[in-house]
Amino acid sequence: MSNIRKHVDGKLFFDFNYQGIRCREYTRLVDNSKNRKIMQTALEKIEAEITLGVFSYEATFPNSKRLQQFKEKNITTSPYNSQIKESLPDFKTFSLQWFKEQEVLWKNSYREKLDNILHYHLLPVFGTKPIHQIQKTDLLDFRVKLSNHKKKNNDGLSASRINQIMILMKQIIDEAAERYSFITPYQGIKPLKIPRNKIEPFSIEEVNAFLSNVDPFWKNYFLVRFFTGMRTSEIDGLKWEYVDFDRREIIVHEALVYGEVTTPKTIESQRVIQMSNLVYNALLSHRNTTDDEQAYVFTSPQGELVRYNNLNNRTWYPTLKKCGLKRRRPYQTRHTAATLWLASGENPEWIAKQMGHANTKMLFTIYSRYVPNLTRKDGSAFENMMGNLIQVQ
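Counting restarts for each chain: residues are numbered from 1 in the order of the written sequence. Restriction of local features to residues with pLDDT of at least 70 applies here, the model being predicted, together with a cutoff of 80 or more for giving and counting side-chain atom pairs; totals for whole chains, interfaces and linings are based on all residues. Working from all heavy atoms in the structure, the side-chain values ignore hydrogens and water.

Visitor: So what's going on with the pairing of strand β3 (residues 21-30)? Which residues, and what values?
Guide: Each residue's exposure class comes from its accessible area (1.4 Å probe, protein chains only) as a fraction of the maximum for that residue type: buried when under 20%, exposed when over 50%, partly exposed otherwise. Strands are runs of DSSP state E lasting at least 2 residues, helices are runs of H or I lasting at least 4, and numbering of each runs from the N terminus. The two faces of β3 differ: I21, C23, E25, T27 and L29 on one face are buried, but R22, R24, Y26, R28 and V30 on the other face are not. Sheet topology note: the strand β2 (residues 11-18)/β3 ladder contains seven bridges and is antiparallel. Note on β3: the bridge partner recorded for D15 is R24. Between any two strands, pairing holds if DSSP finds at least two bridges. Counted along the chain from β2 to the antiparallel partner β3, the turn is two residues long, and its residue Q19 has a positive phi close to 55°.

See below:
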């Protein structure tokens, strides 16, 4: 009688009869209800194919040691192998169908990201290969090649990028395995370890230097970035309707990604930021210089939406060079806000809300060395430090 059993190591295996021989085929699946359900579906398919006389042992268990035994006994292992192969799609056919089914759940920016991974990395390697014939060794070999991949600037792919590529591959393979009742080869493949993000916040003196030398048109823009911790997409998508001068609050409700208005990165990112006096005065001054009909707080000198690549290349990096400051990504303005709040002694829970974090864990994990003895004066310690140090207004 066919069954799903558990080995002494806790892993599940198939136990069934084929051609009068008792067969045990072991897997890497641990014993839980989800894996038992997957294997039971596969076992039912095996039993049905054996009954119909179309079961392919070689196609179902291509790495089985049992294959050699069948060959020695002159028992065919693939009576209708060509028929079975024709019934299953290749990787390209299935992945494109899966992508079409899933994209309704994704933001456009995320869809474009996955589309790039699929067409640039996955399809060129696996496109024509029958999806059920992709083995674990194929996946591991693919990851090695990704690790050795060099871009035009001779930099390799980061561990984070490789994991993103492999995660998409796993999602496609796992879904195909469930639909077509074969064992997914993506078992026991762990993601690469990702080094902790490099934090290079600006000191208050460096902030002063930057704001004193940046193009005056963009001074308020960067000041708000430095002292609110807003992400690029959040400040580029900020509209005047979400700036409440009476309550001294910035409401993060929308984001601008590749010129498209979308929701912020996470649920927690939809938040209310309290304006310090510095930010309040900067925004009030900026409001007086903009057209009343202008929806967005910050635009280009031509009144168009901010294009962050242009801004980075024409303003951000040249200003760093002009000031003799270390070259850093604009995202460090967000880290700067967090570290200045921590250094001034603000309550971590208040800071987490300002940053749009779900809790304080990230603050202590990433910014731990910037945490002094804490006060419990939300916002006030930061105001005191700014009043003593900042000289840009």
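Having seen it, we continue.
Visitor: Got a sec to walk through the pattern of salt bridges? Specific residues and values, please.
Guide: What counts as a salt bridge is simple: a side-chain nitrogen of Lys or Arg found within 4 Å of a carboxyl oxygen of Asp or Glu. This model, assessed by the stated rule, comprises 15 salt bridges. We note a salt bridge from R5 to D15, for which the minimum N-O separation is 2.8 Å. Here R5 is found in strand β1 (residues 3-6), whereas its partner D15 is found in strand β2, with 10 residues between them in sequence. Overall, the relative accessible area of 33% leaves R5 in the partly exposed class. In this structure, R22 and D15 form a salt bridge, with 2.6 Å as the shortest nitrogen-oxygen distance. For R22, a relative accessible area of 41% translates into the label partly exposed. Take D15: its relative accessible area is 2%, and that puts it in the buried class. In this structure, a network of salt bridges that share partners links the residues R5, D15 and R22.

Visitor: Account for the pairing of strand β5 (residues 249-252), naming residues and giving values.
Guide: Across two bridges, strand β4 (residues 243-244) lies against β5 in antiparallel orientation. Among the inter-strand pairings, V243 is bridged to a residue of β5, identified as I250. The loop that links β4 with its antiparallel partner β5 comprises four residues; one of these, R248, has a positive phi angle of about 55°. Note that β5 and strand β8 (residues 271-274) share four bridges and pair antiparallel. Counterpart to I251 in the pairing with β8 is V272.

Visitor: Any details on helix α7 (residues 136-148)? Residues and values, ideally.
Guide: Relative to the 18 Å expected for 13 residues at 1.5 Å per residue, α7 spans 19 Å between its end C-alpha atoms, a close match to the ideal helical length. Of the positions making up α7, those classed as buried are L139, F142, R143 and L146. For α7, the buried positions fall inside an angular range of 100° around the axis, keeping them on one side. Away from the buried face of α7 by more than 90 degrees, exposed residues T137, K145 and N148 are located. Throughout, a contact is declared for two residues whenever any of their heavy atoms are within 4.5 Å. For α7, the secondary structure elements touched by its buried residues are α6 (108-126) and α8 (159-180). Given a helix with a known number of residues, its expected span is that number minus one, times 1.5 Å. By construction, the arc corresponds to the directions joining the helix axis to the C-beta atoms.

Visitor: Explain the packing of helix α5 (residues 91-102) against α8 residue by residue, including any values.
Guide: What counts as an axis is a line fitted to C-alpha atoms, over the stretch in contact for a helix, and the angles between N-to-C directions run from 0 to 180 degrees. Put simply, α5 and α8 touch, their axes get as near as 10 Å, and they point 100° apart. In this view, α5 runs roughly perpendicular relative to α8, as classed from their interaxial angle. For the pair α5 and α8, contact is made by F91, F94, S95, W98 and E101 and by L168, M169, Q171, I172, E175, A176, R179 and Y180, respectively. All residues other than Ala, Val, Leu, Ile, Met, Phe, Trp, Tyr, Cys, Pro, Asp, Glu, Lys and Arg, Gly among them, are scored as polar; the first ten of these are nonpolar and the last four charged. Looking at side-chain class alone, the contact of α5 with α8 contains eight nonpolar, two polar and three charged residues. These descriptions rest on fixed angle ranges, namely under 35 degrees for roughly parallel, over 145 for roughly antiparallel, 65 to 115 for roughly perpendicular, and the rest for oblique.

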